[in-house]
Amino acid sequence: MSDFPITIFHNPACGTSRNTVAMVQAAGYEPTVVEYLQAGWTKPQLQELLAAMGAKPRDMLRDKGTPAAELGLLEPKVTDDAILDAMVEHPILVNRPIVVTPKGVKLSRPSDAVLDLLDRKPDSFTKEDGEVVRL
């Protein structure tokens, strides 16, 4: 067990998520990677992550490429509970990647946002699109 455990809730089909995992690995960490589309979510788990981020369900609701609009979740009147219930039923509704470290919990969009949660950082990192991040 690492003295700096990192968990990444990851969707391997997402470039931002892949870049985040690779950036953490480039910093010398071996994160626990949870493919949440397969693992699914529980409502208490989502509530715990949101509380740690100081966020509301709508803050991590993904609409692009999801059934959020068809389910009516983008309407302002939709309750937090309704959004959470939909996220449990349709895991794709949760935006990604969500990173958990001893320094905090964050939706890592853009992928560079993960660097704030790490004790050590890579000297530089090249994203999938060729963009070089120098630190």
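Further up the page is the structure itself.
An account of the accompanying structure is given in this report. (Residues numbered from 1 in each chain as written. Predicted model: local features only at pLDDT ≥ 70, side-chain atom pairs only at ≥ 80, totals over all residues. Heavy atoms only, no water.)

### Observations concerning the sheet that holds strand β3 (residues 98-101)
Strand order in the open sheet formed by four strands is β2-β1-β3-β4, and the pairing between neighbours is mixed. The outermost strands of the open sheet, each flanked by one partner alone, are β2 (32-35) and β4 (104-107). On average, each strand axis in the sheet is inclined to that of its neighbour by 15 degrees, with strand direction left out of account. Two elements, strand β1 (residues 7-10) and β3, share three bridges in a ladder whose sense is antiparallel. (Pairing = 2+ DSSP bridges. Helix = DSSP H or I, 4+ residues; strand = E, 2+ residues; numbered from the N terminus. Axes fitted to C-alpha atoms, helices over the stretch in contact; angles between N-to-C directions.)

### Observations regarding the packing of aromatic side chains
The final tally for this structure, using the stated rule, is three aromatic pairs. Consider the rings of F4 and Y29, whose centres lie 5.4 Å apart with planes at 35 degrees: the pair is tilted. In this pair, F4 is assigned in the segment before β1 and Y29 in the loop between α1 (15-26) and β2, connecting sequence segments 25 residues apart. Each of the two residues, F4 as well as Y29, counts as buried. Their ring planes at 35 degrees and their centres at 5.1 Å tell us that Y36 and W41 sit as a pair that is tilted. Taken together, the aromatic side chains of F9, Y36 and W41 make up a single cluster linked through ring pairs. (Phe/Tyr/Trp six-rings, centres within 6.5 Å; stacked < 30°, edge-to-face > 60°. Buried < 20%, exposed > 50% of the residue type's maximum accessible area, 1.4 Å probe, protein only.)

### What to know about the environment of T32
Position of T32 among the secondary structure elements: in strand β2. With 61 residues separating them in the primary sequence, T32 and L93 have C-alpha atoms 21 Å apart. Discounting chain neighbours no more than four positions away, the residues touching T32 are I6, T7 and I8. (Contact = heavy atoms within 4.5 Å.)

### Some details on helix α4 (residues 80-89)
For α4, the full list of buried residues reads I83, L84, A86 and M87. Taken around the axis of α4, the buried residues stretch over an arc of 160 degrees, which confines them to a single face. Against the buried residues of α4 lie α3 (43-53). (Arc of directions from axis to C-beta.)

### A closer look at the pattern of salt bridges
Pairing between side chains of opposite charge can happen when the charged atoms of each approach one another. Within this structure, the stated rule accounts for seven salt bridges. A salt bridge links R18 to E128, with the nearest nitrogen and oxygen atoms 2.6 Å apart. Placement of R18 in helix α1 and of E128 in the loop between β5 (124-126) and β6 (132-134) is noted, with a sequence separation of 110 residues between them. Exposure remark for E128: the relative accessible area of 49% places this residue in the partly exposed category. Among the salt bridges present, the one from K43 reaches D81, with a minimum N-O distance of 3.3 Å. Taken together, the residues K43 in helix α3 and D81 in helix α4 connect sequence positions 38 residues apart. The class of K43 is partly exposed, set by a relative accessible area of 23%. Bridged by salt links that share partners, the residues K43, D81 and D85 form one connected network. (Salt bridge = Lys/Arg side-chain N within 4 Å of Asp/Glu carboxyl O.)

### Things to note about the packing of α3 against α4
Their axes nearest at 9 Å, the elements α3 and α4 cross at an angle of 120 degrees. In this view, α3 runs oblique relative to α4, as classed from their interaxial angle. For the crossing formed where α3 meets α4, the hand is right-handed. Contact residues: α3 offers K43, L46, Q47 and L50, while α4 offers D81, L84, D85, M87 and V88. Of the residues contributing to the contact of α3 with α4, the split by class is five nonpolar, one polar and three charged. (Parallel < 35°, antiparallel > 145°, perpendicular 65-115°, else oblique. Left-handed = near helix turned anticlockwise from the far one by under 90°. Nonpolar A, V, L, I, M, F, W, Y, C, P; charged D, E, K, R; others polar.)

The quantities given are spatial measurements derived from coordinates; they are silent on function.
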